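Here is how the chains run, residue by residue.
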Amino acid sequence: MKTYEEINRKIETGKAVVLTAEEIIDYVDRKGLDAAAKEVDVVTTATFGPMCSSGCFLNFGHSKPKMRISEAWLDDVPAYSGIAAVDVFLGATQLRYNDPANMNYPGRFEFGGAHVIEKLVAGETVQLFGLSYGTDDYPRREIRTWFTIDDLNQAIMVNPRNCYQNYNVAVNCSSRRIHTYLGILEPYMRNATYCSAGQLSPLLNDPLYETVGVGTAVWLAGARGHVYAEGTQHAPTCDRSPNGVPREGAGTLALTGDMKQMDPEFVRGVSLPGYGVSLSLGVGVPIPILNEQILKRTTVRDKDIVAPLIDYSHDYPEKTGRVLGQVSYAALKTGEITFDGRTVRVSAMSSYGKALAIAERLKDEIRRGDFLLAQPLAPLPRQQSMKGLKITEEPK
Amino acid sequence: MITRKLFFRFPKSEIEKPIVYHLVKDYDLIINIFRARVTDNKEGYMVLDVTGEEESIERGVEFVRAFGVAIDPINKGVRWIEDRCTHCTNCIAHCPTNALHIDDRKTMRVTFTEELCVECLNCLSNCPYGACTSAF
């Protein structure tokens, strides 16, 4: 048994033993669980992929004369300004003003909120256009100016839902090509798309939320971020394998971090044809090896993690609940699965390559003593389901 | 016999000349055109495989160059910009010839073998990060 304090002391003195969630598998095989649990202090997990429920709060500081911005556009992308005078919230999936969306199907969605966020983190110049009705204390009614992230007082990423514990594998059983947030799906199940780092993914290595909770320090695109709440749609009560690993979506994390500290390599705007804009983020989560049980859970392998195969032409949009089958990440990562006697080409929407790079970087930061762990302030809920939206005929 | 993939860029004045006909008849070359286009401002582009004796290909290329056609051996029709690629691998299932592929499924990184590309442009409309682009 180890405590957070003991592990942090070892990190501070550069003595912590840290391995990635990929390396730990063979390590425990070689050393045995008992010995490995004594030796290893931290296992690093990571993921990189589109996380739509993301965005950022920006504070511009005050112009002269002052302005209470009531409508704002950043590079022509509307930002929410229904908060204080010079604060805005920019959502990742917000489309640029005048984007034709799917009027010319499939829309290309080349630029949106996520691309503005990418530009900001990359240090590029962004245009602010703002309008106001004018008040006695904030008389200015219009502003157009250019800024970089360095000109802002704060640029804080606040993401209500990141790091889905597990995710659907999408296929298309219809006779026409469809465009989804899991990419282009060819008819007659000619291809399938998944979106998870599998054995490297944070919540698949801590399936019962024994270490990850509210307050956990995470590596958010290179910045030291935190879990600030359970993620929206956090639904831990779900179908699980005997190893405790969910066989469907399940848990999620709400993350926050300082955009000024982020690395542009891990903050990327995503254009999904026919669907919209999203933001790809790199997230690393350190798992403290407090005991053998926690270590054992980090040794989960791709072959022991399964995801549900869902038809996105009918069952997903119509919410029928039908699952075509279960498929392991080991099978998905071969690039081909067999289903119903047919061969389906498989590709991903998340990047295992980038997830590996993040797990390595976080490992190095912890080994160097640059990244300390934070004990959670509160656990994530362990029993909770997701509600649907009822359409009522009358007010309640 | 060897095969070489070539990218022709035609100047405004030469788009009406039957260059491919001459490559076949006069230089005994087997031509496989992947993609060709005349643009609004009357420039032309063509991406093609040329198969034949090495010397015939050299002579054919010289013949084409004499018309002022630019033959770029490096920049081809479809380009994969590695810096923009996040290795999400989404393109892999949409590439009919495995020009975009994964060499090592342990690290899951994407690579592009230009010679295998048949310029179908699936990757252009598919890539969520704009990592695949076309010269025309």
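Residues numbered from 1 in each chain as written. Chains lettered and ligands numbered in written order. Predicted model: local features only at pLDDT ≥ 70, side-chain atom pairs only at ≥ 80, totals over all residues. Heavy atoms only, no water.

Undergrad: Would you take a moment to explain the sheet that holds strand β4 (residues 71–74) of chain A for this structure?
TA: Each strand in a sheet pairs with its neighbour through backbone hydrogen bonds, running either in the same direction (parallel) or in the opposite one (antiparallel). Residues and elements named next belong to chain A. Taken in spatial order, the four strands line up as β5-β4-β7-β8 in an open sheet, and their pairing is antiparallel. Of all the strands in the sheet, the pair left with one neighbour each is β5 (77–79) and β8 (142–147). Across this sheet, the average inter-strand angle for adjacent strands is 25 degrees, counted without regard to direction. By the bridge criterion, three bridges tie β4 to β5 in an arrangement that is antiparallel. In the strand pairing of β5, tryptophan 73 is matched with proline 78. Contacts from helix α4 (residues 113–121) reach β4, β5, β7 (126–131) and β8 within the one sheet, and its direction differs from that of β7 by about 125 degrees. (Pairing = 2+ DSSP bridges. Helix = DSSP H or I, 4+ residues; strand = E, 2+ residues; numbered from the N terminus. Axes fitted to C-alpha atoms, helices over the stretch in contact; angles between N-to-C directions. Contact = heavy atoms within 4.5 Å.)

Undergrad: Explanation requested: α4 of chain A in the structure shown.
TA: One turn of an α-helix holds 3.6 residues; hence residues three or four places apart share an orientation. Residue and element names in this part refer to chain A. The buried fraction of α4 is high, at eight of nine residues. Here α4 has its buried residues at Gly113, Ala114, His115, Val116, Ile117, Glu118, Leu120 and Val121. Count one or two residues on from α4 and you reach glycine 123, which has phi positive near 80 degrees. (Buried < 20%, exposed > 50% of the residue type's maximum accessible area, 1.4 Å probe, protein only.)

Undergrad: Help me out: how do you make sense of the environment of glutamate 22 of chain A in this one?
TA: In this structure, glutamate 22 of chain A sits in the loop between β1 (18–20) and α2 (23–31). With 171 residues separating them along the chain, glutamate 22 of chain A and threonine 193 of chain A place their C-alpha atoms 22 Å apart. Those residues in contact with glutamate 22 of chain A that lie beyond four places of it in its chain are Gln199, Leu200, Tyr352 and Leu356 of chain A together with Lys106 of chain B. Within the structure, the side chain of glutamate 22 of chain A is placed 2.6 Å from the side chain of tyrosine 352 of chain A, a separation counted as a polar contact. (Polar contact = N/O pair within 3.5 Å; in protein donor to acceptor, adjacent residues only side chain to side chain.)

Undergrad: Explanation requested: the pairing of strand β2 (residues 30–38) of chain B in the structure shown.
TA: Side chains on a regular strand alternate between the two faces of the sheet. Here eight bridges tie β2 of chain B to strand β3 (residues 44–52) of chain B, and the two strands are oriented antiparallel to one another. The residue of β3 of chain B that forms the bridge with isoleucine 31 of chain B is valine 50 of chain B.

Undergrad: Is there a simple way to think about the sheet that holds β2 of chain B in this case?
TA: Residues and elements named next belong to chain B. Read from one edge to the other, the open sheet built from four strands follows the order β2-β3-β1-β4, with strand pairing classed as antiparallel. What marks the edges here is a single partner per strand, and that holds for β2 and β4 (70–71). Bridge count for strand β1 (residues 2–10) against β4 is two bridges, and the pairing is antiparallel. Looking at β4, one finds that phenylalanine 8 is bridged to isoleucine 71. Seen against the sheet, helix α2 (residues 54–65) touches β1, β3 and β4 and runs at an angle of roughly 0 degrees to β1.

Undergrad: Looking at this structure, I do not really get the interface of chain B and chain A. What am I missing?
TA: Buried accessible area, meaning the area lost when the parts come together, often serves as the stated size of an interface. Contacts between chain B and chain A engage 24 residues on the former and 32 residues on the latter. Here chain B packs against chain A, burying approximately 2,000 Å² in sum over the two surfaces, 43% of which is carbon and sulfur. It is Ala93, Pro128 and Tyr129 of chain B that lose the most area in chain B upon contact with chain A, and together they represent 25% of the buried surface on that side. At the junction of chain B with chain A, the criterion picks out two salt bridges. Between glutamate 118 of chain A and arginine 84 of chain B there is a salt bridge, and its shortest N-O distance comes to 3.8 Å. Taken together, the connections running from chain B to chain A amount to 15 residue pairs in polar contact (both at pLDDT 80 or more). (Buried area = accessible area lost by both parts, 1.4 Å probe. Salt bridge = Lys/Arg side-chain N within 4 Å of Asp/Glu carboxyl O.)

Undergrad: Explanation requested: a nonpolar patch on the surface in the structure shown.
TA: The grouping of Phe57, Tyr80 and Ile83 of chain A at the surface amounts to a nonpolar patch, some 280 Å² of accessible area in total. Mapped onto the fold, tyrosine 80 of chain A is located in the loop between β5 and β6 (87–91). (Patch = residues over 30% accessible without salt bridge, like charges linked within 9 Å, V, L, I, M, F, W, Y side chains within 5 Å. Areas by Shrake-Rupley, 256 points an atom, 1.4 Å probe, with all protein chains shown as cover.)

Undergrad: What should I look at first to understand the pairing of strand β23 (residues 342–348) of chain A in this one?
TA: Residue and element names in this part refer to chain A. Across four bridges, the pairing between strand β13 (residues 191–194) and β23 is parallel. Following the sheet pairing, threonine 193 is matched in β23 by serine 347. Where strand β22 (residues 336–339) lies against β23, four bridges are found, and the strand directions are antiparallel. Within β23, the residue paired with isoleucine 337 across the bridge is valine 344. Hairpin connection from β22 to β23: two residues lie between these consecutive antiparallel strands, with aspartate 340 at a positive phi of about 55 degrees.

Undergrad: How should I be thinking about the pattern of salt bridges in this particular structure?
TA: Any two side chains of opposite charge can pair, given that their charged atoms come close. As enumerated under the stated definition, the model contains 26 salt bridges over all chains in all. Between glutamate 110 of chain A and arginine 108 of chain A there is a salt bridge; the shortest N-O distance is 2.7 Å. With relative accessibility at 61%, the residue arginine 108 of chain A sits in the exposed group. Overlapping salt bridges bring together Lys5, Arg35, Glu114 and Glu119 of chain B as one network.

Undergrad: Help me understand the environment of proline 264 of chain A, please; the structure alone is not making it clear to me.
TA: Residue and element names in this part refer to chain A. With respect to the secondary-structure elements, proline 264 resides in the loop between β17 (253–258) and β18 (267–272). Looking at proline 264, the relative accessible area reads 33%, which means it is partly exposed. As for proline 264 and alanine 122, which are separated by 142 residues in sequence, their C-alpha atoms are 5.1 Å apart. In this structure, proline 264 is in contact with Val121 and Ala122, ignoring residues within four places of it in sequence.

Undergrad: Hey, could you run me through helix α1 (residues 4–12) of chain A in this one?
TA: Residues and elements named next belong to chain A. Those residues of α1 not exposed but buried are Tyr4, Ile7, Asn8 and Ile11. All buried residues of α1 lie within an arc of 100 degrees about the axis, which places them on one face of the element. Its buried side turned inward, α1 meets β2 (42–50), β19 (276–288) and α9 (352–367). Backbone geometry just after α1 places glycine 14 at a positive phi near 70 degrees. (Arc of directions from axis to C-beta.)

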